[in-house]
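# Results of the structural survey
Below are the chains, spelled out letter by letter.
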Amino acid sequence: MPPSPQPDFGVHLAHVDERSETVAALADHWGTRVGLAGVLATLNRQAQLGQVPARAATWGFQLAPDDDRSRRWWPQGITT
């Protein structure tokens, strides 16, 4: 009997040409493309392990205390 397929978890990126003209115009306007390594090199926030208010959860992430109280900053998204 062949092994059963493994579930496909997580986030997966796919390259598409959608918005390629817009991306090229932005790169021309701002100087250059930096790629994923360039984006990751300039991150200025980091989540920390923390308790979450849910009985079914065993762990989760929390923001830094200053970020939690900020009215000017909030996360734009959470990734895996």
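Residues numbered from 1 in each chain as written. Predicted model: local features only at pLDDT ≥ 70, side-chain atom pairs only at ≥ 80, totals over all residues. Heavy atoms only, no water.

## Quick look at the overall build of the protein
On a plain count of helices and strands, the protein comes out with three helices and two strands. Ordered by position from the N terminus, the helices and strands of the protein form the series α-α-β-β-α. Going through the 80 residues of the protein one by one, you find that 5% of them count as buried. (Helix = DSSP H or I, 4+ residues; strand = E, 2+ residues; numbered from the N terminus. Buried < 20%, exposed > 50% of the residue type's maximum accessible area, 1.4 Å probe, protein only.)

## Re the layout of surface pockets
Rolled over the atoms, a probe sized like a water molecule indicates the empty space that remains. Considering only enclosed or pocket space, the second largest pocket measures out at about 280 Å³ in volume. Considering the residues around the second largest pocket, the lining is formed by Leu13, Ala14, His15, Val16, Val23, Arg33, Gly35 and Val39. Grouping the amino acids of the lining of the second largest pocket by side-chain chemistry returns five nonpolar, two polar and one charged. (1 Å grid on protein atoms, 1.4 Å probe; cavity = no way out; pocket = protein on both sides within 12 Å on 5 of 7 lines; lining within 4 Å. Points joined across faces, edges and corners; volume = space filled by probe spheres on them. Nonpolar A, V, L, I, M, F, W, Y, C, P; charged D, E, K, R; others polar.)

## A look at the pattern of salt bridges
Pairs may arise between side chains of opposite charge once their charged atoms sit close together. Going through the model one piece at a time under the given rule, you end up with two salt bridges. Put simply, Glu18 and Arg19 hold a salt bridge, and the shortest N to O gap is 3.6 Å. Under the relative-accessibility criterion, Arg19 is labelled exposed at 61%. A salt bridge links Asp66 to Arg69, with the nearest nitrogen and oxygen atoms 2.9 Å apart. Of this pair, Asp66 and Arg69 both sit in helix H3 (residues 65-69), separated by three residues, roughly a single helical turn. (Salt bridge = Lys/Arg side-chain N within 4 Å of Asp/Glu carboxyl O.)

## Some remarks on a nonpolar patch on the surface
On the surface, Val34, Leu36, Val39, Leu40 and Leu43 cluster together into a nonpolar patch covering about 500 Å² of accessible area. Mapping Leu43 onto the fold places it in the loop between helix H2 (35-41) and strand E1 (48-50). Looking at Leu43, the relative accessible area reads 56%, which means it is exposed. (Patch = residues over 30% accessible without salt bridge, like charges linked within 9 Å, V, L, I, M, F, W, Y side chains within 5 Å. Areas by Shrake-Rupley, 256 points an atom, 1.4 Å probe, with all protein chains shown as cover.)

## Regarding unusual backbone geometry
Residue Arg19 is not a glycine yet carries a positive backbone phi of 70°. In this fold, Arg19 is placed in the segment before helix H1 (20-30).

## Comments concerning the confidence of the model for the protein
Overall, the prediction assigns the protein a mean pLDDT of 78, with 81% of residues at 70 or greater. Averaged over each element, pLDDT in the protein is lowest for H3 (79) and highest for H1 (89). (pLDDT = per-residue confidence, 0-100.)

## Some thoughts on the packing of aromatic side chains
A full pass over the atoms with the stated rule returns one aromatic pair. Ring plane angle 85° and centroid distance 5.4 Å describe the contact between Trp59 and Phe61, whose orientation is recorded as edge-to-face. Each member of the pair, Trp59 as well as Phe61, is classed as exposed. (Phe/Tyr/Trp six-rings, centres within 6.5 Å; stacked < 30°, edge-to-face > 60°.)

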